[in-house]
Amino acid sequence: MAAMEIEFKFQIPPDRLKAVETALRRGTVVRTRLQARYFDTADQALAAEGIVLRLRKEGRRWVQTVKATGDNALHRLEHNVDLGTAATGGASPAIDPQRHQGTPVGDRLAKVLAASGAAPLVERQSTDIVRLTRDVRVTGPGGAVVEMALDVGKVVAYAGTPEQCESPVCELELELKRGDVQGLVSLARRWSQQHGLWFSTVSKAERGARLLAKVEVVPAVKAETPRFPEGKDKLDGRAIQQAIVASCLAQMLPNASEIAAGSTDEEQIHQLRIGIRRLRTALRELAGLDAGSALFDAAGWEPPLVEAFRALGDLRDREQVVKLAQPQLREAGGPEFDPLAGGGDDAAADVRSSGDVMRAPAFQSVLVSLIGFTAAAPPVEIAPKAEDAATPPTPTPVSINDARRLLRKRLQHLHKQAVRDGKRFESLDTESQHRVRKRLKRLRYLAEFVAPLFDAEGKSTPSSAAERYLKHLRPAQDALGEFNDEAVALALYREATARDGRAWFAVGWFSARHAVHAKVCRKALGGIEEAPRFWKKTARPR
């Protein structure tokens, strides 16, 4: 059976497990023991391509399954083959990739195995899970039937003795069986809020792979260009919004998942903040592409994203600025002095609170809503009845041509703002100078998002014209970044003067540099005016 699986997976805090199980048992539940064996090549070729191949004993039946990543955070390609009832005391069936032949995910599996030179499959890990399942009917406009599954057990990786490579499992999965994905979103949001759950991108197979590799901290996920569906001329505004929001979430979700689980890795926090900036740009600048989308109401999404961004950034920004400032001050003959020592902020406590920031109900609610948006089907236009002709039809997304026109307008507006701000940068107050940097980031992110939509050759990556434009922005980005770091340092050392007089050296040094660096920023911003604007209809690669 082939399927496109749509599900949410949440991690459950250990102290909330009992409450989650009690709530689940308010309906009819089915208890099943799931014993799975996961297979891969010795060099983990399948894992590298996001493919999972397993044999699982579900009660007394064996099922062979292959899964692979889909188009976004909710989608998974999946194909299951029922192998029948296990004989009493009998061995498990042999793994056979040919069982998935002729399915999309099976073809992907075959391609990876062929590229690996037909390397033999070996059992890499296993799971032993007790699952409680219950079907929940969600009523209302987003009606749906959702299977809820509470999984409690362990993952065992085979590297040496199994006892040394175990990891507990305690998670809740919600899978859409039929109906509207918004019904799934509504249920997921309610349970995550009630029980303090957080969205996780780490599968059981990935957890086992980390055990095998003895990996405690995984690399941070960075931004990638949005993947628009093939045939861009057939896109509409909603599809463009979905692809770009999905691109933002592809960067945010893995990093947020790690931080919520307890990671304090600086690069994960940094990349998550970049993802939040990109998402805020997308939600702000793309609103006009679909007037009927309530998702793009800033009152709903803005506060939790801003709060998370600031909470994650306050400490990191201050520490990074000090790391950059201290060597310069030392070279200038300044006294040895730590401006963060003795302050009111407890740095260690702030770092540990990063997980709390990610697990905050308001932030998780925004993530769930946005994930659901990327998976939602196109809206159906409902024409008004004859007797109610005054009722307007359901708003529909704009066409690709109108979308390009609106995007040109936004890009041109931000471009002109950057040029105008550059000419008067030195005369702006501190807050206005900071806004210039934020506007420039919005221009850069929007340009990166939509560049493929203006490529005449229909490529899914930015054209050479877009790359040339972005290259013209980089000197201004770098200059404004350094200028902002020094402004933060000046404020930080000025604050520290109340505790230690040695801070006055830094205050004087950074104050003296302020005017010079403002001039550097003005000149760098001036280079944007001549940038070749790739979105113009007359633009052609040189």
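Residues numbered from 1 in each chain as written. Predicted model: local features only at pLDDT ≥ 70, side-chain atom pairs only at ≥ 80, totals over all residues. Heavy atoms only, no water.

Asker: Would you mind showing me how to read helix H11 (residues 361–375) here?
Answerer: In an α-helix, one turn spans 3.6 residues; hence positions three or four apart end up facing the same way. When the terminal C-alpha atoms of H11 are compared, their 21 Å separation across 15 residues agrees well with the 21 Å that a helix rising 1.5 Å per residue should span. The element H11 is extensively covered by neighbouring structure, given that twelve of its 15 residues are classed as buried. Of the residues making up H11, those classed as buried are Phe363, Gln364, Ser365, Val366, Leu367, Val368, Leu370, Ile371, Gly372, Phe373, Thr374 and Ala375. (Helix = DSSP H or I, 4+ residues; strand = E, 2+ residues; numbered from the N terminus. Expected span 1.5 Å × (residues − 1). Buried < 20%, exposed > 50% of the residue type's maximum accessible area, 1.4 Å probe, protein only.)

Asker: Would you mind showing me how to read unusual backbone geometry here?
Answerer: The phi torsion of most residues other than glycine is negative, and most of the peptide bonds are trans. Phi is positive for Gln44, close to 55 degrees, though the residue is something other than glycine. Residue placement: Gln44 occurs in the loop between strand S2 (30–40) and helix H2 (45–48). What makes Gln44 partly exposed here is its relative accessible area of 22%.

Asker: What should I look at first to understand the pattern of salt bridges in this one?
Answerer: For side chains bearing opposite charge, pairing can occur when the charged atoms are close. Taken as a whole and assessed by the stated rule, the structure comprises 32 salt bridges. Linking Arg33 and Asp128 is a salt bridge whose minimum nitrogen-to-oxygen distance equals 2.7 Å. Taken together, the residues Arg33 in strand S2 and Asp128 in strand S6 (residues 122–138) connect sequence positions 95 residues apart. In this structure Arg33 comes out as partly exposed when scored by relative accessible area, which is 42%. Put simply, Lys204 and Asp151 hold a salt bridge, and the shortest N to O gap is 3.0 Å. (Salt bridge = Lys/Arg side-chain N within 4 Å of Asp/Glu carboxyl O.)

Asker: Looking at this model, I keep getting lost on the packing of aromatic side chains. Mind explaining?
Answerer: What describes a pair of aromatic rings is the distance from one ring centre to the other and the angle between the planes of the rings. This structure, assessed with the given rule, holds eleven aromatic pairs. Geometrically, the ring pair formed by Phe337 and Tyr493 is tilted, given 6.3 Å between the ring centres and 50 degrees between the ring planes. Taken together, the residues span a long stretch of sequence, with Phe337 in the loop between helix H8 (298–331) and helix H9 (347–352) and Tyr493 in helix H14 (residues 464–496) at a distance of 156 residues. The pair formed by Phe337 and Tyr493 is uniform in burial state, with each residue classed as buried. Between the aromatic rings of Tyr469 and Phe534, the centroid separation amounts to 5.8 Å while the plane-to-plane angle is 70 degrees, which identifies the pairing as edge-to-face. Of this pair, Tyr469 sits in helix H14 while Phe534 sits in the segment after helix H15 (503–526); the two residues are 65 residues apart in sequence, bridging distant segments of the chain. Judged by relative accessible area, which is 0%, Tyr469 ranks as buried. Three or more aromatic residues joined by ring pairs form one cluster here, namely Phe337, Tyr493, Trp509 and Phe510. Sitting over the face of the ring of Phe309, Arg273 holds its NZ or CZ atom 4.0 Å from the ring centroid. When the ring centre of Trp198 is taken as reference, the NZ or CZ atom of Arg359 above it lies at 5.6 Å. (Phe/Tyr/Trp six-rings, centres within 6.5 Å; stacked < 30°, edge-to-face > 60°. Lys NZ or Arg CZ within 6 Å of the ring centre and 35° of its normal.)

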